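For reference, the chains in residue letters:
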Amino acid sequence: MTSARLSTLASLRGRIERIETSNEAHPLPRIALGHAGADAMLKGGLAKAAVHEVFAEGHQGASATGFIAGLAGRLAARKPLVWVRQDFSETESGALSMNGLSELGLDPRILVTVRAADIDNALRTTADALACDALGAVIMEVWGESKQLDLVASRKLTLSAQSSGVPALLLRLAATPLPSTAETRWIVRAAHSPPGASWSAWGAPLFDAQLVRNRHGPVGRWIMEWKCDECLFSEPSAYPQPVAAAPAHRSDQAATGAKQRLAS
Amino acid sequence: MAMCKSGEGAQVPRETAPLTRIASNDAIRPLPMGEVKKEIPSVVVIKEHNALVIHSLDDIAARSGLSTGLPLANARAICPELTVYDADEVADAKTLNDIADWCDRFTPLVALDPPYGLFLDITGCAHLFGGEHAMLQIICSALSRRGFAVSGAIAATSVCARTLTRHSSGRIIEDGAEVEAVSPLPISALGADETITKGLRRAGLKTIGDVAARARHEIAARFGAAFTTRLEHALGQGDAPISPRKPLPDYIVEKRFPEPVTTEPMIALTLQNLAKMLVQAMDKQGKGARKLEAGFFRTDGAVRTLAVETGRAVTKPEVIDRLFRERLDALSDPLDPGFGFDLIRLSAGRTEIVVQQQRDLDAHVHDNDELAALIDRIAARIGGKRVVVYLPEDTHIPERAALAAPAQHHLAAASQAAWPARAEGEPPLRPLRLFERPEPIKVPFATVPDGPPHRFTWRRATHQVVRVEGPERIAMEWWQQDGKVLTRDYFRVEDEQGLRFWIFRDGLYDSELIDEDGKPIPANWFVHGLFA
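Residues numbered from 1 in each chain as written. Chains lettered and ligands numbered in written order. Predicted model: local features only at pLDDT ≥ 70, side-chain atom pairs only at ≥ 80, totals over all residues. Heavy atoms only, no water.

Trainee: A description of the state of the cysteines should follow, citing residues and the corresponding values.
Mentor: Evaluated as defined, the whole model comprises zero disulfides over all chains. With no disulfide of its own, Cys 228 of chain A has Cys 231 of chain A as its nearest cysteine by sulfur position, at a separation of 8.6 Å. (Disulfide = S-S within 2.5 Å.)

This is the structure we're talking about:
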């Protein structure tokens, strides 16, 4: 009798523990981006088993692609990547160039591209790919607003990312952010090259990355430079004056975040 | 010696009148016998040499004295009350193809003999249907029920069987009895050219036996070697192979149902069991399937086949089952059981020998297996051409530098591919996003003729150029292009927002951009890619 009771108690404790760990108590495995300011805000880097969204205006597509390719390069750690792309996105902002990818320091050999005809196919393929733990990351690229990418879809992606530990990166071009279960959400623009003579050589890719949502920490905005040789983000090397506003210091929004999550 | 114990001329010589019209909208549908009144003859006409002539006709029309090839005007004079239909040869061919699909249930070797014949190689198949006689009966009665006029025969050679069907139906000729069977038939049964048939008749040779009695070299001298060969085949002396529509699959398993199945769970269960049987059969010879095909034979004759290809040989029934579930799930027009399927077949079209790999501590092998399995699943759902890997091409032309290849077949090659290495310490020299077709931009007159533009308009937005690098001159491959292809001068430019473009001018100013009189012509500018 007592032993049965004890075992019930133990199993209940186990369940509570599991609920807690899936939320906040247990730190998710994180990968540092390399940019000190961003890593500090993200408490050590991007969570691996989660969904991350990158938004950009239509004409900023290439910058956002570069940024998400950088994130994928950091998160995947030389494991295969699956890039799910909607057909329309290719005509609108160009196909992904393998030479361009290798110029950024990423390996085109580990990339498998899926050309989905529509958003439903893209979502299913992404969910399928996320279940395969041999992958380093899954990137889904979608052009324009879409009804299908709602809270339910995003929740599904989050759950499969959590169970397999494969990060899902959503590249949303020409779209406005909607409520989702993403761990982080970024808005990316291209940043100017450091001032200098018009004929002087330009440098590494520069991103004006704005972290607009962070489930477990504050948000901010940084100018990031992608180091093609080291394959990581960093503070811009030659930037005399900060162009972007200093990161807004907001108190940890864990409490409000929790409320929002309950509401959603 | 392998023997083609067959030749099933399923002919439709008469009664095609209503069929040709119906065939265009449905595969195999019975004749609306009630609609056609018995008294009124009907014919199908086709345009030949600017005149409408009879293409085919029904029994009543034949009794009225009409024949194929007769002009329609003459036919109307003979028989004023005539129902006339236009011939639709495309629909006829489709109907024949559909019947051939249906015949797949008897043997995998079905060959077309246009315009209205089929050959079935039934070697080793007849006993499954209760012997040759019963099999012929089944085929003929099933097709007759659908309203086709059928004439079938079984013989050792295909030409012999076809010759027999031209005259009567239901004959089965034992090996060696061809000469006896074929000899009394008229020359026209051979189906040779009209001029040959007419020539032989004029020579007084009326039956095949008459012709066969003459020395071969006489016939060959007058009518050609092709005709004597045909004659010999018809007499059973030598055989011409038939050319089946589909290659013979390596393994076939099938399940027949006395009571047709209609429900999805039952179909899924059947596929599961068939997958197990197929794997068992392949396993005995250490093979795995690379290409699988499931055929669903409906009771009303319609056949639906679904094919699945895999990147590496499949040896597990669960994998086969899952691939087909994905495929069925993603069909744009779902599998319609109608009144039910009475036969479901699973065949392995291409197999290869599987080398058993020992799982060791090297997880890399395992990872690749999982990735290949994932690619197979995605490809089964959305199509193999939509899952691609890129292979480097040996060319300087930027839009051809990478070749998209189906991931199922080229995964190993892609992971070994040698891409041009980047220069250490350099910023990216090639754009991240590349337009397949360079997009034209509007450029106001550049200050320096060979220089970059100060601003340009692309997609109705004007960009002010702040920073430029270049030019990088890329000459086109003159040894491959036939026409004149211009050299491109590429510039990497950054606009005031920080967006980075890869633009080029098509042509060199002094040498290429001049007209015949030597006057300069304005250059075209394009944006080819976008940098991160």
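Trainee: Let's hear about the packing of aromatic side chains: which residues, and what values?
Mentor: Residue and element names in this part refer to chain A. For the structure on display, the rule yields 18 aromatic pairs over all chains. The interplanar angle of 70 degrees and the centroid separation of 6.2 Å between the aromatic rings of Phe 88 and Trp 143 together place this pair among those described as edge-to-face. One end of the pair, Phe 88, is in helix H4 (residues 87-93); the other, Trp 143, is in strand S7 (residues 137-143), and 55 residues separate them in sequence. You can call Trp 143 buried: its relative accessible area is 16%. (Phe/Tyr/Trp six-rings, centres within 6.5 Å; stacked < 30°, edge-to-face > 60°. Helix = DSSP H or I, 4+ residues; strand = E, 2+ residues; numbered from the N terminus. Buried < 20%, exposed > 50% of the residue type's maximum accessible area, 1.4 Å probe, protein only.)

Trainee: Could you give me a rundown of the packing of helix H12 (residues 264-284) of chain B against helix H13 (residues 317-329) of chain B, with the residues and numbers involved?
Mentor: Each pair of packed helices can be described by the angle between their axes along with the distance between the axes. Residues and elements named next belong to chain B. It is the contact of H12 with H13, at a shortest axis distance of 8 Å, that shows an interaxial angle of 140 degrees. By the angle between their directions, the pair H12 and H13 is classed as oblique. For H12 against H13, the interelement crossing comes out right-handed. Across the interface between the two elements, Ala 268, Leu 271, Gln 272, Ala 275, Lys 276, Leu 278 and Val 279 from H12 touch Pro 317, Ile 320, Asp 321, Phe 324 and Leu 328 from H13. Of the residues in the contact of H12 with H13, the class split is nine nonpolar, one polar and two charged. (Axes fitted to C-alpha atoms, helices over the stretch in contact; angles between N-to-C directions. Parallel < 35°, antiparallel > 145°, perpendicular 65-115°, else oblique. Left-handed = near helix turned anticlockwise from the far one by under 90°. Contact = heavy atoms within 4.5 Å. Nonpolar A, V, L, I, M, F, W, Y, C, P; charged D, E, K, R; others polar.)

Trainee: Outline the interface of chain A and chain B, supporting the account with residue identities and numerical values.
Mentor: The interface of chain A with chain B comprises 68 residues on the first partner and 62 residues on the second. Taken together, the two surfaces of chain A and chain B that pack against each other cover about 5,300 Å², and 53% of this comes from carbon and sulfur. Summed over the three residues of chain A that lose the most area to chain B, namely Glu 103, Arg 115 and Trp 202 of chain A, the buried surface amounts to 16% of that side. Linking chain A with chain B are eight salt bridges, by the criterion used here. In this structure, the salt-bridge partner of Arg 124 of chain A is Asp 329 of chain B, at a minimum N-O distance of 2.9 Å. For the pair chain A and chain B, the number of links is 21 residue pairs in polar contact (both at pLDDT 80 or more). Of all the secondary structure elements, the ones that give two or more residues to the side of chain A that touches chain B are helix H3 (61-76), strand S4 (81-86), H4, strand S5 (95-96), helix H5 (98-103), strand S6 (111-116), helix H6 (119-130) and strand S8 (168-173) of chain A. Its residues assigned to classes, the side of chain A that touches chain B shows 32 nonpolar, 23 polar and 13 charged. Two elements, S6 of chain A and strand S12 (residues 387-392) of chain B, share two bridges in a ladder whose sense is antiparallel. Its bridge partner lying in S12 of chain B, Val 114 of chain A is registered against Val 387 of chain B. (Buried area = accessible area lost by both parts, 1.4 Å probe. Salt bridge = Lys/Arg side-chain N within 4 Å of Asp/Glu carboxyl O. Polar contact = N/O pair within 3.5 Å; in protein donor to acceptor, adjacent residues only side chain to side chain. Pairing = 2+ DSSP bridges.)

Trainee: Give a detailed account of the nonpolar core, specifying residues and quantitative values.
Mentor: Grouped together as the largest cluster of nonpolar side chains are 46 residues, with contacts concentrated most on Val 54, Phe 67, Trp 186 and Met 224 of chain A. Once residues within four sequence positions are removed from consideration, Met 224 of chain A is found in contact with Leu 33, His 35, Ala 38, Phe 67, Trp 186, Pro 205, Leu 206, Phe 207, Ala 209, Phe 233 and Ser 234 of chain A. Formed by 39 residues, the second largest nonpolar core is a distinct cluster that contains Leu 130 and Val 138 of chain A together with Ala 379 and Ile 382 of chain B. (Core = buried A, V, L, I, M, F, W, Y, C linked by side-chain atoms within 4.5 Å.)

Trainee: How would you summarise the side chain of Glu 469 of chain B if you had to cite specific residues and measurements?
Mentor: Residue and element names in this part refer to chain B. Take Glu 469: it is sitting in strand S16 (residues 461-474). Judged by its relative accessible area of 18%, Glu 469 is buried. Within the structure, the side chain of Glu 469 is placed 2.3 Å from the side chain of Arg 492, a separation counted as a polar contact.

Trainee: Tell me about the pairing of strand S9 (residues 287-298) of chain B, and please be specific about residues and values.
Mentor: Residue and element names in this part refer to chain B. With nine of twelve residues buried, S9 is to be regarded as a mostly interior element. Note that S9 and strand S11 (residues 341-353) share eleven bridges and pair antiparallel. Following the sheet pairing, Lys 287 is matched in S11 by Ile 353. Of the strand pairs in this sheet, S9 and strand S10 (residues 303-314) are connected by eight bridges, and their pairing is antiparallel.

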